[in-house]
Amino acid sequence: MRYEPAPLTRHLRVRQDRGHTVLEFRGEIDIAAAAEIVPHLDMATAEPDARVVIDLTRVEFFDCSGLRLLYRARHRTTDGPGSLRLVCTHALTLRMLRVTGLSRLLPPWPTLDAALEQPESAPGTV
């Protein structure tokens, strides 16, 4: 399946980088943003061998709708040989990830470069 990058939107930018599809979330990730992001997230995670990075470094607000997006992406990538990585450094978002236990399932990487350069089995740390 050939994946065409999404155009720059208010809440999402999609691009290819080092063999990964990078979904860069932007701004306020709430229920309205999630509705915009879901089709692109589903397209990026459709193949069993999808290698996806979700980058939250440009996120200003992140609520439970954003957590649902992360759980959805993880669920869609756990059955195959693909991978999902998360880039996050925002203290409040990291706290939400820890409180919900998602940081154990999807360890956050400190930078996009770190997430893209590490072997598939190495977890990130923040």
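Throughout what follows, the structure given in this document is the object of discussion. For every chain, the first residue of its written sequence is number 1, and the numbers climb from 1 along that sequence. The predicted origin of the model limits local features to residues at a pLDDT of at least 70 and limits the giving and counting of side-chain atom pairs to 80 or more, whereas totals for whole chains, interfaces and linings rest on all residues. Excluded from the side-chain calculations are hydrogens and water; all other atoms, namely the structure's heavy atoms, are used.

## What to know about the sheet that holds strand 4 (residues 83-87)
Across the sheet, five strands lie side by side as 1-2-3-4-5; this open sheet has mixed pairing. Looking at which strands have only one partner, the edges of the open sheet turn out to be strand 1 (12-17) and strand 5 (108-109). Judged from the six bridges that link them, strand 1 and strand 2 (residues 20-29) form a sheet pairing that is antiparallel. Each residue of the ladder has a partner; that of Arg-13, found in strand 2, is Glu-24. Every residue pair with non-hydrogen atoms within 4.5 Å of one another is taken to be in contact. Only C-alpha atoms enter the line fits that serve as axes; for helices the fit covers just the stretch in contact. Angles between N-to-C directions range over 0 to 180 degrees. By definition, any uninterrupted DSSP run of H or I lasting at least four residues is a helix, any uninterrupted run of E lasting at least two residues is a strand, and each is numbered from the N terminus. Sitting on the sheet, helix 1 (residues 31-44) touches strand 1, strand 2 and strand 3 (51-62), and the angle it makes with strand 2 is about 175°. Two strands qualify as a pair provided DSSP detects at least 2 bridges between them.

## Some thoughts on the environment of Arg-58
Tracing the backbone through its elements, the reader meets Arg-58 in strand 3. For every residue, the accessible area (1.4 Å probe, protein chains only) is compared with the maximum for its type, and the residue is labelled buried under 20%, exposed over 50%, or partly exposed between those bounds. Judged by relative accessible area, Arg-58 falls into the partly exposed class, the value being 49%. Sequence separation between Arg-58 and Thr-89 is 31 residues, and the spatial gap between their C-alpha atoms is 9.8 Å. The contact partners of Arg-58, leaving out residues within four places of it in the chain, are Glu-24, Phe-25, Arg-26 and Gly-27. Side-chain polar atoms of Arg-58 contact the side chain of Glu-24, separated by 3.3 Å. Definition of a polar contact: a pair of N or O atoms within 3.5 Å, with one able to donate and the other able to accept a hydrogen when the atoms are protein atoms, and with sequence-neighbouring residues admitted only if both atoms are side-chain atoms.

## A word on the pattern of salt bridges
The salt bridge definition used is simple: a Lys or Arg side-chain nitrogen within 4 Å of an Asp or Glu carboxyl oxygen. Summed over all chains, the structure comprises eight salt bridges. Residue Glu-24 is joined to Arg-58 by a salt bridge in which the shortest nitrogen-to-oxygen separation is 3.3 Å. A residue pair is termed long-range when its members are at least 10 positions apart, and Glu-24 in strand 2 and Arg-58 in strand 3 qualify at 34 residues. One salt bridge in this structure joins Asp-42 and Arg-76, with 3.5 Å as the shortest N-O distance. Placement of Asp-42 in helix 1 and of Arg-76 in helix 2 (residues 64-77) is noted, with a sequence separation of 34 residues between them. Residue Asp-42 is classed as buried on the basis of its relative accessible area, which comes to 17%. What you see here is one network of salt bridges that share partners, running through Arg-15, Glu-24, Arg-26 and Arg-58.

## Some remarks on the packing of helix 2 against helix 3 (residues 91-100)
It is at 11 Å that the axes of helix 2 and helix 3 come closest, and there the two elements cross at 60°. It follows that helix 2 is oblique to helix 3 by the angle criterion. For the pair helix 2 and helix 3, the sense of crossing is right-handed. Here Cys-64, Leu-67, Leu-70 and Tyr-71 of helix 2 come into contact with helix 3, specifically with Met-96, Leu-97 and Thr-100. Each angle is binned into one of four classes, with values under 35 degrees roughly parallel, values over 145 roughly antiparallel, values of 65 to 115 roughly perpendicular, and all other values oblique. By the definition used in this description, the sense in which the near helix is turned from the far one sets the handedness, with an anticlockwise turn below a right angle giving left-handed and a clockwise turn giving right-handed.

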